[in-house]
Amino acid sequence: MTSHHELSINHNSAVPLHTQLRRQFRSRIVSGRWAPGTRLPSESRLQRELNVSRNTVRQALREMESEGLIERIPGRGTFVARELPREQERCLVAIVISSFDSQLDVLSGAERVARDNECLFVFYNHQGNYHEERRILARLVEQGVSGVLLWSCAPTGTPLPSLQGQGASLLPVVMLDRNPSGLPADFVTSDNVAGGGMAVRHLQQLGHRRIVCLSHDRDDLVPVDERIQGYRAAMATAGHAESAATWILPTGGELTLPATLRTSNNPESITMRTLGRRLQEERPEAIFAINDHMALLALRAAQGLGLRVPGDLSIVGYDNADYGAAFTPPLTTVEQSYETMGRRAMELLLERIAGLTAPPHTVRVPVTLYERATAGRPAGRT
């Protein structure tokens, strides 16, 4: 008999319980981990051990039986079929991203789910180039992939003709982090409003009042807008709305890590000159940066002016990029769980590929504050 301890159910997943159970049965049978003739646990045992209903177990088993992967023998139980279908359909899914800075964890989470479900998995990197993104998507439609996870760099409001022209319903798409086209698709992102508020409340609890939000000039992105919303709401709730200010730096769009490092090490760049001037003229007590790249620019600008971080200026970032812990001092930041985003997105995509016709889901993954050393009490306060 197979070990029920090999099976697990995520009751918080958007994927129906019977589908999770069926996928795990299928993965173990197709991979050969459960050999032909192996007896499956009884319905009552699965129900009890996995904390699911009898109907959930029966629906999963019915679907497996219809695929020819299991057989039921009255009075004896349920077994892996002794003669499995010669060819099992294996879907091909693609993930299209824009950066390896943090999105490598997205790939990791998505790949794990794809592998568990015997799906082939390919990825493309459009490197933040919208025209390259369009070219990749058009090619994927032509190649007949089963579905796509997309981290788009398209300007807000820009359609995706290469997908919509074929009928979006024919190619399941799950959007990651942003949905600039407004495509009627599942959408997985972080809880950005909560994250912005979390960062600002941490600074307020340390005693800061004059807190600035620091952003790049790609202000059409929904995640950025949501983090700023969280910032403003936290400032208003604390009675500091009059001191709320958002500084938009001239960065030429979203910064990659290499571009951030080049800019932070060039005090004569327009970005660093602008930031240094505002720090001198307006002297906030703290900065909430909409991502860790912007936090690095703030740290370098402050240090260039001889300001102590923390002490003269506190900084909180957003992302928990790997390099943040290597800052001097290490960066306090809000972590997005990119691995969870990738996993949840792939679960939703596989549901669509399997024929789910429910309205699109929006999944907001919780965030976590990592307290390190760039945020402290204002100078002169205890």
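Higher on the page you've got the structure.
These figures come from a predicted structure and were not determined experimentally.

A. Region of the structure containing the pairing of strand β3 (residues 92–97). Counting buried residues along β3, five of its six residues qualify, which places the element largely inside the surrounding structure. Relative to strand β4 (residues 120–125), β3 is paired through six bridges, and the arrangement is parallel. Its bridge partner being in β4, Val96 is matched across the sheet by Tyr124. In this sheet, strand β5 (residues 147–150) lies alongside β3 in parallel orientation, the contact comprising four bridges. Residue pairing across strands places Ala94 opposite Val148, the latter belonging to β5.

B. View of unusual backbone geometry. Looking along the chain, the bond that leaves Val309 and enters Pro310 is cis, with omega of -5°. In this fold, Pro310 is placed in the loop between α11 (292–304) and β11 (314–319). With omega at 0°, the peptide bond leading from Thr328 into Pro329 counts as cis. In this fold, Pro329 is placed in the loop between β11 and β12 (332–335). The phi angle at Asn320 is positive, at roughly 60°, despite the residue not being glycine. Within the fold, Asn320 resides in the loop between β11 and β12.

C. Here's a closer look at the pattern of salt bridges. Under the definition given, this model contains 19 salt bridges. With its nearest N and O atoms 3.9 Å apart, the salt bridge here joins Glu254 to Arg218. Taken together, the residues Glu254 in the loop between β9 (245–248) and α9 (257–264) and Arg218 in the loop between β8 (211–215) and α8 (222–237) connect sequence positions 36 residues apart. Judged by its relative accessible area of 15%, Arg218 falls in the buried class. The closest approach of N and O atoms between Glu226 and Arg364, which form a salt bridge, is 3.4 Å. Taken together, the residues Glu226 in helix α8 and Arg364 in strand β13 (residues 362–365) connect sequence positions 138 residues apart. Glu226 sits in the buried class, given a relative accessible area of 9%. You can call Arg364 partly exposed: its relative accessible area is 40%.

D. Expanded view of the environment of Asp105. With respect to the secondary-structure elements, Asp105 resides in helix α4 (residues 104–116). The class of Asp105 is partly exposed, set by a relative accessible area of 40%. With 233 residues separating them along the chain, Asp105 and Tyr338 place their C-alpha atoms 5.4 Å apart.

Rules used in this analysis
Residues numbered from 1 in each chain as written. Predicted model: local features only at pLDDT ≥ 70, side-chain atom pairs only at ≥ 80, totals over all residues. Heavy atoms only, no water. Buried < 20%, exposed > 50% of the residue type's maximum accessible area, 1.4 Å probe, protein only. Helix = DSSP H or I, 4+ residues; strand = E, 2+ residues; numbered from the N terminus. Pairing = 2+ DSSP bridges. Salt bridge = Lys/Arg side-chain N within 4 Å of Asp/Glu carboxyl O.

Nothing here speaks to function; it is all geometry.
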